[in-house]
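So the chains spell out like this:
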Amino acid sequence: VAITTRLLVSHLSGIRHYEKDIKKVKEEKEKASRAFKLTKPYQDKEQKEKEGKGIEKTDSVKPRKEREGEVKSQNSKPGRRDKEFEQEEYYLKEKFESVIESLKIFKNDPLFFKPGSEFLYSTYGFTLLSAVVERVSGQKFTDYMLKMFRDLDMLSTVLDDNEAMIYNRARCYVYNKKGRLVNAPYVDNSYKWAGGGFLSSVGDLLKFGNALLYSYQAGQFKNTNGKLLPGYLKPDTVAMMWTPVPKTEVSWDRDGKYAMAWAVVEKKQQYGCCRQQRHYASHTGGAVGASSVLLILPEELDSEAIDTGLVAPPRGVIVSIICNMQSVSLNSTALKIAREFDKEKWAQ
């Protein structure tokens, strides 16, 4: 078989995640799929009611399992545990000197399926991807990334290195089996720098989101007389990154598909005066003792404003949430916040 970087970045490689038993993985996917099918009609009905009345429903009248992401959030309550965090490899304490060295964890394990045929979220797929970056760039992956963060003015984004003294590093928490709040256990994330090994701040993630949104929209503003600086990435590159890939899925928003390292919901309305989907890109993060999300809701740009140069990129809403608590579902909250700001803007 052949595994390409595109397959890795879209989680279609067949490389395992933390669970080594393929039977258990298939069982969990089937359970999630059944739960979604049972709750989808209620979700659609509620969405139509919200849009018809122009109001947001409160949690008290929301269907009990609106979507898989919110089912997962139930695990964040005292005494409930997220099954994924029961995997032993989340709690590795071994320090790896390079990403090439950390490949030994999974390099001899069989693929779960033929690359390109199925979707399976895989942190180790991104570990292999970081090894590719390391070999191609001729630099340590961590050095390569830290230089990029400096370019983006993300000066608070650093390696999650246990030995280093990091100013304002947050303490992380989990609930134990008795439902009591305790400190998260010690782990060493050097085996997965690319998949969950950096510490950041809300401000830095907003800078990252703005840089991507600027790059995405810069190509649409053509009549700027050369006054507009280029984006950090080419517009076509970001558009490619935010184009849904067939055969993928997203656990935190079933309206979306996975693209290239991003979950993407496309703009869609099938019927007049019915449910609308706004285009947005997001990604959640889950670590031992921490949860996060970065969501980018691009503004639907008016062609006249673009052509006359009355506005300049980035245009849209970016929401970043970082929580020092394990297994907290944040995507739906971020989307509600983004929509409120977006609604407020159009009301002015």
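Calculation notes
- Residues numbered from 1 in each chain as written.
- Predicted model: local features only at pLDDT ≥ 70, side-chain atom pairs only at ≥ 80, totals over all residues.
- Heavy atoms only, no water.
- Helix = DSSP H or I, 4+ residues; strand = E, 2+ residues; numbered from the N terminus.
- Buried < 20%, exposed > 50% of the residue type's maximum accessible area, 1.4 Å probe, protein only.
- Contact = heavy atoms within 4.5 Å.
- Areas by Shrake-Rupley, 256 points an atom, 1.4 Å probe, with all protein chains shown as cover.
- Pairing = 2+ DSSP bridges.
- Phe/Tyr/Trp six-rings, centres within 6.5 Å; stacked < 30°, edge-to-face > 60°.
- Expected span 1.5 Å × (residues − 1).
- Salt bridge = Lys/Arg side-chain N within 4 Å of Asp/Glu carboxyl O.
- Arc of directions from axis to C-beta.
- Patch = residues over 30% accessible without salt bridge, like charges linked within 9 Å, V, L, I, M, F, W, Y side chains within 5 Å.
- Core = buried A, V, L, I, M, F, W, Y, C linked by side-chain atoms within 4.5 Å.
- Domains from an automatic or database assignment.

Student: Quick question: what am I supposed to make of the overall build of the chain here?
Tutor: Counting secondary structure elements, the chain contains 11 helices and 9 strands. Here the chain holds 348 residues, and the buried ones make up 41% of them. Contacts in the chain between residues at least 24 apart in sequence constitute 67% of all its contacts with a sequence separation of at least 6. Within the structure as shown, the chain displays about 19,800 Å² of accessible surface, and the carbon and sulfur contribution to it stands at 53%.

Student: Explain the pairing of strand E7 (residues 280-287) to me, please; I cannot follow it from the model alone.
Tutor: Across 3 bridges, strand E6 (residues 263-265) lies against E7 in antiparallel orientation. By the bridge assignment for E7, alanine 263 is matched with serine 282. Sheet analysis places E7 next to strand E8 (residues 290-298), joined by 7 bridges and oriented antiparallel. Bridging from a neighbouring strand, threonine 284 pairs with valine 293 of E8. Here E7 folds back onto E8, and the loop between the two strands holds 2 residues, one of which, glycine 289, carries a positive phi near 90°.

Student: Sorry if this is basic, but what is going on with the pairing of strand E9 (residues 316-323) here?
Tutor: On a regular strand, one side chain projects to one face of the sheet and the next to the other, so that they alternate. In terms of burial, E9 is largely enclosed, as 6 of its 8 residues are buried. In terms of strand pairing, E8 meets E9 through 8 bridges, oriented antiparallel. Paired with serine 292 across the bridge in E9 is isoleucine 322.

Student: Could you clarify how one ought to interpret the packing of aromatic side chains in this entry?
Tutor: Considering all chains together, one arrives at 11 aromatic pairs under this definition. Taken together, a centroid distance of 5.7 Å and an interplanar angle of 45° make the contact between phenylalanine 119 and tyrosine 258 tilted. In this pair, phenylalanine 119 is assigned in the loop between helix H4 (99-102) and helix H5 (123-137) and tyrosine 258 in strand E5 (residues 257-258), connecting sequence segments 139 residues apart. The same class applies to phenylalanine 119 as to tyrosine 258, namely buried. Ring geometry for tryptophan 242 versus tryptophan 262: centroids 5.8 Å apart, planes at 80°, classification edge-to-face. With a gap of 20 residues between them, tryptophan 242 in the loop between helix H9 (235-241) and E5 and tryptophan 262 in the loop between E5 and E6 connect regions that are remote in the sequence. Relative accessible area serves as the criterion here: at 3%, tryptophan 242 is assigned to the buried category. Note on tryptophan 262: relative accessible area 6%, which makes it buried. Members of the aromatic cluster, joined through ring pairs, are Tyr18, Phe85, Tyr90, Tyr91, Phe106, Tyr124 and Tyr191.

Student: Looking at this structure, how should I read helix H8 (residues 202-218)?
Tutor: A turn of α-helix holds 3.6 residues, and therefore any two residues three or four places apart point the same way. Helix length check: H8 (17 residues) gives 24 Å between terminal C-alpha atoms against 24 Å at 1.5 Å per residue, within 8%. Those residues of H8 that sit buried are Asp204, Leu205, Gly209, Leu212, Leu213, Tyr214, Ser215, Gln217 and Ala218. Buried residues along H8 sit in contact with H9, E8 and E9.

Student: When you look at the pattern of salt bridges in this model, what are you seeing that I'm missing?
Tutor: Charged atoms that come close allow side chains of opposite charge to pair. Under the criterion given, the structure shown has 15 salt bridges. Between glutamate 89 and arginine 16 there is a salt bridge, with the nearest N and O atoms lying 2.9 Å from each other. Taken as a pair, glutamate 89 in the loop between helix H3 (68-73) and H4 and arginine 16 in the loop between helix H1 (5-9) and helix H2 (22-53) lie far apart in primary sequence, 73 residues in all. The salt bridge partner of glutamate 28 is lysine 31, with a shortest N-O separation of 3.9 Å. You can see glutamate 28 and its partner lysine 31 sitting in helix H2, 3 residues apart, about one turn around the helix. Its relative accessible area of 39% is what places glutamate 28 among the partly exposed residues. You can call lysine 31 partly exposed: its relative accessible area is 43%. Among the charged side chains, a network of salt bridges with common partners joins Arg16, Lys20, Glu89 and Asp109.

Student: Looking at this structure, I do not really get helix H6 (residues 141-151). What am I missing?
Tutor: Every buried residue belonging to H6 is among Phe141, Thr142, Met145 and Phe149, and all of these are buried. Down the axis of H6, the buried side of the element spans an arc of 95°, and every buried residue falls inside it. Packed against the buried residues of H6 are H4, H5, strand E1 (158-159), helix H7 (193-196) and strand E4 (198-199). Directly after H6, the chain includes aspartate 153, whose backbone phi takes a positive value near 65°.

Student: For this particular structure, what's the right way to read a nonpolar patch on the surface?
Tutor: Taken together, the side chains of Val1, Ile3 and Leu111 present a nonpolar region at the surface, about 270 Å² in accessible area. Take leucine 111: it is sitting in the loop between H4 and H5.

Student: When you look at the nonpolar core in this model, what are you seeing that I'm missing?
Tutor: When a protein is soluble and globular, its nonpolar side chains tend to lie buried together. The biggest cluster of nonpolar side chains holds 41 residues, and the ones touching the most others in it are Tyr124, Leu212, Trp242, Trp262 and Ile296. Among the secondary structure elements, those contributing two or more residues to this core are H1, H5, H6, H8, H9 and E8. Each of domain 1 (1-37 + 81-163) and domain 2 (200-347) contributes no fewer than three residues to this core. Not counting chain neighbours up to four residues away, the residues in contact with tryptophan 262 comprise Phe208, Leu212, Met241, Trp242, Lys257, Ala281, Ser282, His283, Leu294 and Ile296. With 14 residues, the next largest nonpolar core counts Tyr280, Leu295, Met325 and Ala338 among its residues.

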